[in-house]
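# Analysis of the macromolecular model
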Amino acid sequence: MLDFAVNVRAGAPPSWLTERLAVRLGDLGRYPSAADEHRAISAVAERHRRDTSNVALLAGGAEGFSLLAGLRPRLAALIAPSFTEPEAVLTAAGIDVHHVVLAPPFELGGATVPDAADLVVVGNPTNPTGVLHRREDILALRRPGRLLVVDEAFADAIPGEPESLAGEALPDVLVLRSLTKTWSLAGLRVGYALGAPDVVARLTARRRHWPLGTLQLEAIAAVSTPQAVAEAEAGARRLAQQRSDMVAALTGAGLDVVPGAAPFVLFEVPDAELLRKHLQSKGIAVRRCDTFVGLPGNHLRAAVRADWPVLVDAVTEVL
């Protein structure tokens, strides 16, 4: 099937990256070394101009959410609609969760977060809406005694990474980053967290030994170099143009598209379930959205891909 449901760039990782990982295959008989870990942490720290004590390497950005429960917050406020993993892991740990549901067009300004919330999670850009929130609106959520967690899994897919807080060394802000989307490494699980040293230490205090393998550490170091960051930026610019063209075509087909900047598009249709099934019969997969808290069920999400005209033609035909 043509997979517009998963937000991983189409195709395999670049050849230079797979070649670099292949060189390390001979090292798999040994445990990951401290030198490998230090090299990856240093690369991430340099990439964001942060101290190495601000970096925690993760087995995918989603692992950062699973570690949040170890911070033992009393009340977690989740800005919705958003990625569902935080709710799942926090609820499973017995932590009270409150959804702060944003009304369309899903902008953050004016969001009311309970004063008692000592943990707030917000995506930027947010999945599945694709909305890119302003830095000042995110920082307005800060309160004494509260940790603000910003999910920037798709930040590097936006040219210039506007509104990112990854380079801000703030004592009460934790940024989670994923490397699986931009570099087509979903099967390897790589990412990292950026935060104050005490927050990073608390976040990782109960992790097992060797939480990341040798190939994961090598991948993180490889894609954090200035050359790799420049390559990702060039890809982000191409995606932005493709997104603009895709949105224009969907709008031209009579659909309401949520304004956003992410490498995926959220749009409204008369009957989402029926359209999704028709597309499936044509060999096209899109993401259902009735599983997201606060999002009406008549929405679908589609990744931005170079072959987006195939999707738009199929949607137009079905409609």
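So, how was this worked out
- Residues numbered from 1 in each chain as written.
- Predicted model: local features only at pLDDT ≥ 70, side-chain atom pairs only at ≥ 80, totals over all residues.
- Heavy atoms only, no water.
- Helix = DSSP H or I, 4+ residues; strand = E, 2+ residues; numbered from the N terminus.
- Rg over C-alpha atoms; globule rule 2.2 N^0.38 Å.
- Buried < 20%, exposed > 50% of the residue type's maximum accessible area, 1.4 Å probe, protein only.
- Contact = heavy atoms within 4.5 Å.
- Areas by Shrake-Rupley, 256 points an atom, 1.4 Å probe, with all protein chains shown as cover.
- Polar contact = N/O pair within 3.5 Å; in protein donor to acceptor, adjacent residues only side chain to side chain.
- Phe/Tyr/Trp six-rings, centres within 6.5 Å; stacked < 30°, edge-to-face > 60°.
- Pairing = 2+ DSSP bridges.
- Axes fitted to C-alpha atoms, helices over the stretch in contact; angles between N-to-C directions.
- Parallel < 35°, antiparallel > 145°, perpendicular 65-115°, else oblique.
- Left-handed = near helix turned anticlockwise from the far one by under 90°.
- Nonpolar A, V, L, I, M, F, W, Y, C, P; charged D, E, K, R; others polar.
- Expected span 1.5 Å × (residues − 1).

We now examine the overall build of the protein. Within the protein one finds ten helices and 13 strands. The C-alpha atoms of the protein give 20 Å as radius of gyration, which agrees with the globular expectation for 319 residues (20 Å, within 12%). Judged by the C-alpha coordinates and their principal axes, the protein covers about 55 × 50 × 35 Å. Counting all 319 residues of the protein, 51% fall into the buried class. The long-range share in the protein, meaning contacts at least 24 apart out of those at least 6 apart in sequence, stands at 72%. Taken as a whole, the protein presents about 13,900 Å² of accessible surface, with 53% of it coming from carbon and sulfur.

Attention shifts here to the environment of Arg47. With respect to the helices and strands, Arg47 occurs in helix α2 (residues 34-48). Once the C-alpha coordinates of Arg47 and Val223 are considered, the two residues, 176 residues apart in sequence, prove to be 9.8 Å apart. With sequence-adjacent residues up to four places away left out, Arg47 is seen in contact with Asp156, Glu161, Arg177, Tyr192, Ser224 and Val229. Side chain to side chain, Arg47 and His48 meet in a polar contact 3.5 Å long. Within the structure, the side chain of Arg47 is placed 2.7 Å from the side chain of Glu161, a separation counted as a polar contact.

Glancing now at the packing of aromatic side chains. One pass over the full model with this rule turns up four aromatic pairs. The interplanar angle of 20° and the centroid separation of 4.2 Å between the aromatic rings of Tyr31 and Trp210 together place this pair among those described as stacked. In this pair, Tyr31 is assigned in the loop between α1 (15-23) and α2 and Trp210 in the loop between α6 (197-204) and α7 (214-223), connecting sequence segments 179 residues apart. Look at Tyr31 and you get exposed, because its relative accessible area is 61%.

This brings us to the sheet that holds strand β12 (residues 287-288). Spatially, β9-β10-β13-β12 is the arrangement adopted by the four strands of the open sheet, whose pairing is antiparallel. Pairing within the sheet leaves two strands with one partner each, and these edge strands are β9 (256-257) and β12. Sheet strands in contact with helix α8 (residues 226-252) are β9, β10 (264-268) and β13 (299-303), and its direction is about 10° off that of β10.

For the rest of this paragraph, the subject is the packing of helix α9 (residues 272-281) against helix α10 (residues 308-318). Here α9 crosses α10 at 120°, and the two axes come no closer than 10 Å. The orientation of α9 with respect to α10, classified from their angle, is oblique. Our pair here, α9 against α10, has a crossing hand that is right-handed. Packed against α9, whose contacting residues are Leu275, His278 and Leu279, the element α10 presents Leu311, Ala314, Val315 and Val318 at the interface. The residue inventory of the contact of α9 with α10, partitioned by class, reads six nonpolar, one polar and no charged.

The next subject is α8. With 27 residues, α8 extends 39 Å from end C-alpha to end C-alpha; this agrees with the ideal 39 Å at 1.5 Å per step. For α8, the complete set of buried residues consists of Ala228, Ala232, Gly235, Ala236, Leu239, Arg243, Met246 and Leu250. Lining the buried residues of α8 we find α1, α7, β9, β10, β13 and α10. Gly254 sits one or two residues past α8 and shows a positive phi near 95°.

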